[in-house]
Amino acid sequence: MQRYFTNEQIDENNNITITGEDAHHMIQVMRMSPGDEVYVVAENRTYTMTIVEGSAKSVLLKAEEKLEQTNEMPLKVSIVCGLPKGDKLELITQKATELGMHTLYPFAAKRSIVKWDKQKNEKKIARLQKIAKEAAEQSHRSYIPNIHTPISFEELLEVGTTYDVKFVADEEDAKLEHRQKFAEQLKKVHDKKSILIVFGPEGGLDRSEIKSLLENDFQPISLGPRILRTETAPLYALAAISYEYE
């Protein structure tokens, strides 16, 4: 069944009304009609709902059953990504959402070639948030990851103080004979509730950034002996965490 997210509240009769693009998608794109069932995530819970009546602008549904399974990671895993070129951030947003990411923080790294125009931030973040919503629906999640506006390196250090475990992917560490294997480090943090992982842009993180992160309790990790692209590394890490915890 199709899955939709809504901020609307379920009323005392177990009914809810969905409007806008989702209503249009149900009626015009999926050709649904009264009696058809969908999954709806409302009030942070997933329900099986039946369409009562609807048009391309508004659909009335009745909640039939609340599902207990959330399909979410057992811990909060957030990604910090140095601003990459082109549409790589869209790819990271989509695939990382499918793999269970909680929040994405783009940040302006020293080696980031791309410089976001602050006047266009709102439009770009809205697009990324829409990609995350669609990916969350497709992968049957109960939570849409938050796509944060780009942060500075100083703000990154501040964000790090709110997480139980902090990692930084360091390509120089991957070249060492005795590197910090990610799988081994994950086995040591099963009692933690949140993980933050920092990845650099094309060209990696500057050594001064690595130094500062390590001084602020970030642990270096190696994602294997091969050097991964900036859009591949976060997906590798999320898959490894899923393997370990799920």
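Residues numbered from 1 in each chain as written. Predicted model: local features only at pLDDT ≥ 70, side-chain atom pairs only at ≥ 80, totals over all residues. Heavy atoms only, no water.

Participant: Mind showing me how you'd approach the sheet that holds strand β2 (residues 15–19) here?
Facilitator: Sheet strands pair via backbone hydrogen bonds, and the direction of the pair is either parallel or antiparallel. What the five strands build is an open sheet, ordered β1-β3-β4-β5-β2; its pairing is mixed. Either end of the sheet is taken by a strand with one partner, and the two such strands are β1 (3–6) and β2. This sheet shows a mean twist of 45° between the axes of neighbouring strands, independent of strand direction. Relative to strand β3 (residues 37–42), β1 runs parallel, the two being bridged by four bridges. Bridge pairing in β3 links Phe5 to Val41. Where helix α1 (residues 20–29) meets the sheet, it contacts β1, β2, β4 (45–54) and β5 (58–67), and its direction lies at approximately 95° from that of β2. (Pairing = 2+ DSSP bridges. Helix = DSSP H or I, 4+ residues; strand = E, 2+ residues; numbered from the N terminus. Axes fitted to C-alpha atoms, helices over the stretch in contact; angles between N-to-C directions. Contact = heavy atoms within 4.5 Å.)

Participant: It is not clear to me how the pairing of strand β10 (residues 194–199) should be interpreted in this structure. Could you clarify?
Facilitator: Looking down a regular strand, the side chains alternate between one sheet face and the other. Buried residues dominate β10, accounting for six of its six residues. In the sheet, strand β6 (residues 76–82) pairs with β10 via six bridges, with the strands oriented parallel. Residue pairing in the sheet places Val77 in a bridge with Ile195 of β10. Here strand β9 (residues 165–169) runs beside β10; their pairing, made up of four bridges, is parallel. (Buried < 20%, exposed > 50% of the residue type's maximum accessible area, 1.4 Å probe, protein only.)

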